[in-house]
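# Structural features, examined
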Amino acid sequence: MEKIFTEKAPAAVGPYSQAVVINGMVYTSGQIALDPATGELVGGTIEEQAEQVMKNLTAILEAAGSKPENAVKTLCFLTDINDFAAFNEVYARYFTGKPARSCVGIQSLPKGAVCEVEVIAAL
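## What about a nonpolar patch on the surface?
- Taken together, the side chains of Met-1, Ile-22 and Tyr-27 make up a nonpolar region of the molecular surface, amounting to roughly 320 Å² of accessible area.
- Considering the arrangement of structural elements, one finds Met-1 in the segment before strand 1 (2–4).

## Considering the sheet that holds strand 1
- In space, the six strands of this open sheet follow the order 1-2-3-6-4-5, with mixed pairing throughout. Bordering the open sheet on either side are strand 1 and strand 5 (100–105), each of which pairs with just one other strand. Taken over all neighbouring pairs, the strand axes of this sheet differ in orientation by 15° on average, direction set aside.
- With respect to the sheet, helix 1 (residues 46–64) is in contact with strand 1, strand 2 (19–22), strand 3 (25–28), strand 4 (71–78) and strand 6 (115–122), its orientation differing from that of strand 6 by roughly 30°.

## Some points on the packing of aromatic side chains
- As enumerated under the stated definition, the model contains two aromatic pairs in all.
- Taken together, a centroid distance of 5.8 Å and an interplanar angle of 35° make the contact between Phe-87 and Tyr-91 tilted. Separated by four residues within a single helix, Phe-87 and Tyr-91 lie in helix 2 (residues 84–94), roughly one turn from each other.
- Judged by its relative accessible area of 0%, Phe-87 falls in the buried class.
- A ring pair is formed by Tyr-91 and Phe-95, whose centres lie 4.7 Å apart and whose planes are at 35°; its orientation type is tilted.
- Look at Tyr-91 and you get buried, because its relative accessible area is 8%.
- Pairwise contacts between aromatic rings join Phe-87, Tyr-91 and Phe-95 into one cluster.
- The ring of Tyr-91 carries Arg-101 above its face, with NZ or CZ at 4.6 Å from the centroid.

## Structural notes on unusual backbone geometry
- Positioned with a positive phi, Lys-98 is a non-glycine residue whose angle comes to about 50°.
- If you trace the backbone, Lys-98 turns up in the loop between helix 2 and strand 5.
- With relative accessibility at 73%, the residue Lys-98 sits in the exposed group.

## Some thoughts on the pattern of salt bridges
- Within this structure, the stated rule accounts for one salt bridge.
- Glu-51 serves as the salt-bridge partner of Arg-93, at 2.3 Å between the closest nitrogen and oxygen. Placement of Arg-93 in helix 2 and of Glu-51 in helix 1 is noted, with a sequence separation of 42 residues between them.
- We classify Glu-51 as buried; its relative accessible area is 19%.

## Considerations on the environment of Lys-8
- You can see Lys-8 is positioned in the loop between strand 1 and strand 2.
- Between the C-alpha atom of Lys-8 and that of Ile-60, which follows or precedes it by 52 residues, the distance is 7.6 Å.
- Each residue touching Lys-8, except ones within four places of it in the same chain, is listed here: Pro-36, Asn-56 and Ala-59.

About the cut-offs
- Residues numbered from 1 in each chain as written.
- Predicted model: local features only at pLDDT ≥ 70, side-chain atom pairs only at ≥ 80, totals over all residues.
- Heavy atoms only, no water.
- Patch = residues over 30% accessible without salt bridge, like charges linked within 9 Å, V, L, I, M, F, W, Y side chains within 5 Å.
- Areas by Shrake-Rupley, 256 points an atom, 1.4 Å probe, with all protein chains shown as cover.
- Salt bridge = Lys/Arg side-chain N within 4 Å of Asp/Glu carboxyl O.
- Helix = DSSP H or I, 4+ residues; strand = E, 2+ residues; numbered from the N terminus.
- Pairing = 2+ DSSP bridges.
- Axes fitted to C-alpha atoms, helices over the stretch in contact; angles between N-to-C directions.
- Contact = heavy atoms within 4.5 Å.
- Phe/Tyr/Trp six-rings, centres within 6.5 Å; stacked < 30°, edge-to-face > 60°.
- Buried < 20%, exposed > 50% of the residue type's maximum accessible area, 1.4 Å probe, protein only.
- Lys NZ or Arg CZ within 6 Å of the ring centre and 35° of its normal.

Spelled out as structure tokens, the structure:
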């Protein structure tokens, strides 16, 4: 098992890795819209935050030797399920391979984020 770290994505804020590679698969930790350089939340709208989340995930997947198109499953969390359509517009630009997905509405996320996404991808 290989633990993945890249400075192009936010450092883990707890006892976990940005991602783990095992048996030809990448498993990312959930990403919120943190700026990798500052660790601060970026953007106020769902579109702005989703864009940063996708950039963070892309950086992690690339550090592991994969890419968003290789995703087989994603899990998405939205603090307002009414943002579903706007979130999908950003999401669809990155996950062009249309992986399996769950998307759920939840009460809150760390640092006041409005979305979080985790990915399982092939190498």
